[in-house]
Structure formats: C-alpha cells, structure tokens
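Survey of secondary and tertiary structure
What follows is each chain in one-letter form.
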Amino acid sequence: DVPLLYWCGASWVAALTVDKSNLQVMSELPMGVSMVQRVLELDESFDEGSAHEFFVSYDGGRSEAMGGSEKNAREHFERAVELSKGEKCGPYISLATSVSVSKQDIKEYKSLLNQALAIDVNKNPVNKLANIILQRTAKWLLDNIDIYFFEGEKEE
C-alpha cells in the first residue's frame, strides 16, 4: 500500500497550493503529512526517495515557528539525491525553491537549479517525462529569478 499512501498523502497536501484559504483542507493537512511520513517508515526508497523529496519542500517551505526545519529539509534532500542516484531533478528544485529562497541564498539557488538542468533525462527512462518538465521549470525559475530575490541580494 506504499504507493497509495504516498500519492494520497502528497495529493492531500498539494490541495493546499490550490486554495490556501480553505480551512477544511488546512485542518486535514496533518493527515496527508502523516501518510507520507508512514511511507518513510515502511519504504523510504519508494519511487527513488519521493517521500524524502516531499519533505524537502514541506520542511524547507515552513518557518521554524510553523514546524519547518532547514536542517531536516537538507537531510531529506541528501537522502533523496542518494536514493535517486542524482538522476531526479525534483530534489534540487525543491531545495532551491524552499530553503534557498527563504534564506535569500542566490548562489545556492542557481547552483541547485543548474544541477537539475545538468541531469541527463535519457539516463533513467522511468523519470524522463518528470525530468523534462522539471528542467523546464528550472529554466523558468532561473529566467525569472527577480521574482524570488530582492534586488540588493542579486549577484551578477
């Protein structure tokens, strides 16, 4: 049931990005997160570390006051990269858009997105479509860097 747990939990949490003002969904957030946490307990290697990738965004995208943790996000990032053998773009983009943006670390942001762009999409056919889409996302994020970083923080 690991795939069902993962996709149900990840989808549940993703519903928040559609309507963050929906208090019903907000109150159910812990259920979705618990499902993905259970995936880590049962089979952390599921889908080459997708549950770890989930927690890169989840832990990295929340303030410490809200229960987030840069340290945890980085640990999940390292494990996701290890389990995917560095062949998935997702962990790099997740860390860049959560931790690097919140810290306003433009150098790390660019480095992570460039690492995602350097992945050979043909090396792992299972991830090819996702990697193609995520590389387009990485390129867009780099092309629109001014949306995420304050003018004074940019490096040339």
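Everything below is about the structure shown above.
The structure contained in this document is the topic of the report that follows. (Residues numbered from 1 in each chain as written. Predicted model: local features only at pLDDT ≥ 70, side-chain atom pairs only at ≥ 80, totals over all residues. Heavy atoms only, no water.)

Once that is clear, we can look at the overall build of the chain. Of regular secondary structure, the chain possesses seven helices and zero strands. Along the chain, helices (α) and strands (β) appear in the sequence α-α-α-α-α-α-α when read from the amino end. Here the C-alpha radius of gyration of the chain, 16 Å, is about what a compact globule of 156 residues would show, namely 15 Å. Taking the principal axes of the C-alpha coordinates as reference, the chain spans close to 45 × 40 × 25 Å. Going through the 156 residues of the chain one by one, you find that 42% of them count as buried. (Helix = DSSP H or I, 4+ residues; strand = E, 2+ residues; numbered from the N terminus. Rg over C-alpha atoms; globule rule 2.2 N^0.38 Å. Buried < 20%, exposed > 50% of the residue type's maximum accessible area, 1.4 Å probe, protein only.)

Here the focus is the nonpolar core. The tendency in soluble globular proteins is for nonpolar side chains to be buried side by side. Judged by nonpolar contacts, the single largest core of 21 residues is most densely connected at Phe77, Tyr92, Ile93, Tyr109 and Leu113. Broken down by secondary-structure element, the contributors of at least two residues to this core are α4 (70-83), α5 (90-103), α6 (106-118) and α7 (128-143). Counting residues per element, this core draws most heavily on α5, which supplies six residues. Setting aside chain neighbours within four positions, we find phenylalanine 77 in contact with Val56, Pro91, Tyr92, Leu95 and Leu112. (Core = buried A, V, L, I, M, F, W, Y, C linked by side-chain atoms within 4.5 Å. Contact = heavy atoms within 4.5 Å.)

Before going further, it helps to examine the packing of aromatic side chains. One pass over the full model with this rule turns up eight aromatic pairs. Centroid distance tyrosine 6 to phenylalanine 46: 5.5 Å. Interplanar angle 50°. Geometry classified as tilted. Remark: phenylalanine 46 occurs in the loop between α2 (23-43) and α3 (50-60) and tyrosine 6 occurs in helix α1 (residues 2-18); sequence separation between them is 40 residues. For the ring pair phenylalanine 54 and phenylalanine 55, a centre distance of 4.9 Å and an interplane angle of 85° mean the geometry is edge-to-face. Residue phenylalanine 55 is classed as buried on the basis of its relative accessible area, which comes to 4%. (Phe/Tyr/Trp six-rings, centres within 6.5 Å; stacked < 30°, edge-to-face > 60°.)

A separate point is the side chain of asparagine 127. Mapped onto the elements of the fold, asparagine 127 is located in the loop between α6 and α7. Residues contacting asparagine 127, with those up to four places away along its chain left out, are Glu48, Glu87 and Lys88.

Moving on to the pattern of salt bridges. Summed over all chains, the structure comprises 12 salt bridges. With a shortest N-O distance of 3.5 Å, aspartate 59 and arginine 62 are connected by a salt bridge. Exposure remark for aspartate 59: the relative accessible area of 8% places this residue in the buried category. Given a relative accessible area of 23%, arginine 62 falls into the partly exposed group. Residue lysine 103 is joined to glutamate 70 by a salt bridge in which the shortest nitrogen-to-oxygen separation is 3.3 Å. With lysine 103 in helix α5 and glutamate 70 in helix α4, the pair connects residues that are 33 residues apart, well separated along the chain. On the accessibility criterion, lysine 103 (44% relative accessible area) is partly exposed. Among the charged side chains, a network of salt bridges with common partners joins Glu70, Arg74, Lys103 and Glu108. (Salt bridge = Lys/Arg side-chain N within 4 Å of Asp/Glu carboxyl O.)

For any two helices packed against each other, one specifies the inter-axial angle together with the distance between the axes. For the pair α4 and α5, interaxial distance at closest approach is 10 Å and the crossing angle is 160°. It follows from the interaxial angle that α4 and α5 lie roughly antiparallel. Crossing geometry of α4 relative to α5 is assigned as left-handed. Side by side, α4 and α5 meet where Glu70, Ala73, Arg74, Phe77, Ala80 and Val81 of the first sit next to Pro91, Tyr92, Leu95, Val99 and Lys103 of the second. Considering only residue class, the contact of α4 with α5 consists of eight nonpolar, no polar and three charged. (Axes fitted to C-alpha atoms, helices over the stretch in contact; angles between N-to-C directions. Parallel < 35°, antiparallel > 145°, perpendicular 65-115°, else oblique. Left-handed = near helix turned anticlockwise from the far one by under 90°. Nonpolar A, V, L, I, M, F, W, Y, C, P; charged D, E, K, R; others polar.)

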